[in-house]
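Chain by chain, the residues run as shown.
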Amino acid sequence: NSKDNDQKVVIMPCKSAPSYQRVQLWLQAKKEYDRSCKTT
Amino acid sequence: MTTLTRQDLNFGQVVADILCEFLEVAIHLILYVREVYPTGIFQKRKKYNVPVQMSCHPELNQYIQDTLHCIKPLIEKNDAEKVVVVIMDKEHHPVERFVFEISQPPLLSVSSDALLSHVEQLLRAFILKISVCDAILDNNPPGCTFTMLVHTREAATRNMEKIQVIKDFPWIVADEQEVQMREPRLIPLKTMTSDIVKMQLYVEERAQKMP
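Residues numbered from 1 in each chain as written. Chains lettered and ligands numbered in written order. Predicted model: local features only at pLDDT ≥ 70, side-chain atom pairs only at ≥ 80, totals over all residues. Heavy atoms only, no water.

Counting secondary structure elements, chain A contains 2 helices and 1 strand. Secondary structure elements in chain A, listed N-terminal to C-terminal, are α-β-α. Taking the principal axes of the C-alpha coordinates as reference, chain A spans close to 70 × 15 × 10 Å. For chain A, buried positions account for 25% of its 40 residues. Carbon and sulfur atoms make up 50% of the accessible area of chain A, which amounts to about 3100 Å² in all. Both charge centroids of chain A, one from 8 positive and one from 4 negative side chains, sit 10 Å from each other. (Helix = DSSP H or I, 4+ residues; strand = E, 2+ residues; numbered from the N terminus. Buried < 20%, exposed > 50% of the residue type's maximum accessible area, 1.4 Å probe, protein only. Areas by Shrake-Rupley, 256 points an atom, 1.4 Å probe, with all protein chains shown as cover. Lys, Arg positive; Asp, Glu negative; His and termini not counted. Charge placed at Lys NZ, Arg CZ, Asp CG, Glu CD.)

See below:
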């Protein structure tokens, strides 16, 4: 039976999600940009 | 009342669309509630008629979308047994796993739009459970990241390959390290049974989270 030969597997994306630090840096840059937009 | 089989037009697609839309909201909310990312990147939105928190970080949003884009064909063909959001510590060991166990009936009875409205109500209950789950979970150590796992079958992964190439988003078989957790505490969050899908959500939490 081909279904029986079809093994169960657990898969995951090869790529990693962005790190906390990377997202934190983006957030800081966004806040600074938003601030500069308000002052000009 | 009309009865459709899985082979009928759009049945699998409709279920996959509904589930992937739900999973997207659920993943964003889990990342917010479990503080995997800074709270500043999340914005309040309304989904399923309840407030939720969704990320506005482009790279993270793309990552979640690409993941779901690859999972969708598996759900469509009823080949995704479990979809898991794994939160890992700095050493890449799982500290929490949010397990969505999915099963679809071979037959679908479509009565009216009330069916979809009923499913929406059931999914709303999941969202509400996720939004308060931090009350029953221990804090995670700092510096956590996350990944997604899909429990499927070998043949189904071969069918995924074309999509992986198109999206430039390859998948690999997970290591034991990502799959196994020592002495997990099992916390059932929600179960739903509808005409189109059965789903169970539970959390597996590592007993000793802090290093």
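Another point: the side chain of Thr67(B). Inspection of the secondary structure puts Thr67(B) in helix 2 (residues 58–76). Exposure remark for Thr67(B): the relative accessible area of 1% places this residue in the buried category. Thr67(B) has contacts with Pro13(A), Met148(B), Phe169(B) and Trp171(B), leaving out every residue within four places of it along the chain. (Contact = heavy atoms within 4.5 Å.)

Here we take up the confidence of the model for chain B. A residue-level look at chain B finds 90% of positions with pLDDT of 70 or above and a mean pLDDT of 88. The ipTM value of the predicted complex is 0.87, and its pTM value is 0.91. (pLDDT = per-residue confidence, 0-100.)

Our focus in this paragraph is the pairing of strand 10 (residues 198–206) of chain B. Residues and elements named next belong to chain B. Most of strand 10 is tucked away, with 7 of its 9 residues classed as buried. Sheet analysis places strand 5 (residues 94–103) next to strand 10, joined by 8 bridges and oriented antiparallel. Residue Phe100 lies in a different strand from strand 10, and its bridge partner there is Leu201. Between the end of strand 9 (residues 184–193) and the start of strand 10, which pair antiparallel, lie 4 residues. (Pairing = 2+ DSSP bridges.)

Glancing now at the sheet that holds strand 5 of chain B. With respect to topology, 7 strands assemble into an open sheet ordered 8(B)-1(A)-7(B)-4(B)-5(B)-10(B)-9(B), the strand pairing being antiparallel. Both outer strands of the open sheet, strand 8 (171–173) and strand 9 of chain B, are each paired with one neighbouring strand and no more. Pairs of neighbouring strands in the sheet enclose a mean axial angle of 25°, with direction left out of account. Where strand 9 of chain B meets strand 10 of chain B, 9 bridges bridge the pair, whose relative direction is antiparallel. The partner of Met192(B) across the bridge, within strand 10 of chain B, is Met199(B). (Axes fitted to C-alpha atoms, helices over the stretch in contact; angles between N-to-C directions.)

Turning to the nonpolar core, a few remarks are in order. Within the largest apolar cluster, 69 residues are counted, with the highest numbers of intra-cluster contacts made by Phe22(B), Leu31(B), Tyr37(B), Phe98(B), Phe100(B), Phe146(B) and Met199(B). Tallying contributions element by element places helix 1 (residues 11–33) of chain B first for this core, with 15 residues. Among all residues touching Met199(B), those that are not within four sequence positions of it are Leu19(B), Phe22(B), Phe100(B), Glu101(B), Ile102(B), Leu123(B), Phe126(B), Lys190(B), Thr191(B) and Met192(B). One finds Met12(A), Val84(B), Val86(B) and Tyr202(B) within the second-largest nonpolar core, a separate group that totals 10 residues. (Core = buried A, V, L, I, M, F, W, Y, C linked by side-chain atoms within 4.5 Å.)

Right, let's get into the interface of chain B and chain A. Contacts between chain B and chain A engage 35 residues on the former and 21 residues on the latter. The contact between chain B and chain A buries some 2800 Å² in all, and 66% of this surface belongs to carbon and sulfur atoms. Looking at the side of chain B facing chain A, the largest losses of area belong to Pro38(B), Arg153(B) and Ile172(B), adding up to 21% of the total buried there. Here Glu81(B) makes a salt bridge to Lys8(A), at a shortest N to O gap of 3.3 Å. Where chain B touches chain A, the interface holds 14 residue pairs in polar contact (both at pLDDT 80 or more). Going through the elements one at a time, helix 2, strand 7 (145–153), helix 4 (154–167), strand 8 and helix 5 (176–179) of chain B are the ones with two or more residues in the side of chain B that touches chain A. Element by element, the count of residues in the side of chain B that touches chain A is highest for strand 7 of chain B, at 8 residues. Here the residues of the side of chain B that touches chain A sort into 22 nonpolar, 7 polar and 6 charged. (Buried area = accessible area lost by both parts, 1.4 Å probe. Salt bridge = Lys/Arg side-chain N within 4 Å of Asp/Glu carboxyl O. Polar contact = N/O pair within 3.5 Å; in protein donor to acceptor, adjacent residues only side chain to side chain. Nonpolar A, V, L, I, M, F, W, Y, C, P; charged D, E, K, R; others polar.)

On to the environment of Gln43(B). Mapped onto the elements of the fold, Gln43(B) is located in strand 2 (residues 42–47). Contact partners of Gln43(B), with chain neighbours within four places excluded, come to Val52(B), Gln53(B), Met54(B) and Cys56(B).

Before going further, it helps to examine the pattern of salt bridges. All names here are of chain B. Inspection of the entire model under this criterion finds 10 salt bridges over all chains. As a salt-bridge pair, Arg185 and Glu205 come within 2.4 Å of each other at their nearest N and O atoms. With Arg185 in strand 9 and Glu205 in strand 10, this residue pair connects regions lying 20 residues apart in the sequence. Among the residues examined, Glu205 registers a relative accessible area of 1% and is labelled buried. Each of Arg34, Glu96, Arg185, Glu205 and Lys209 takes part in one network of salt bridges that share partners.

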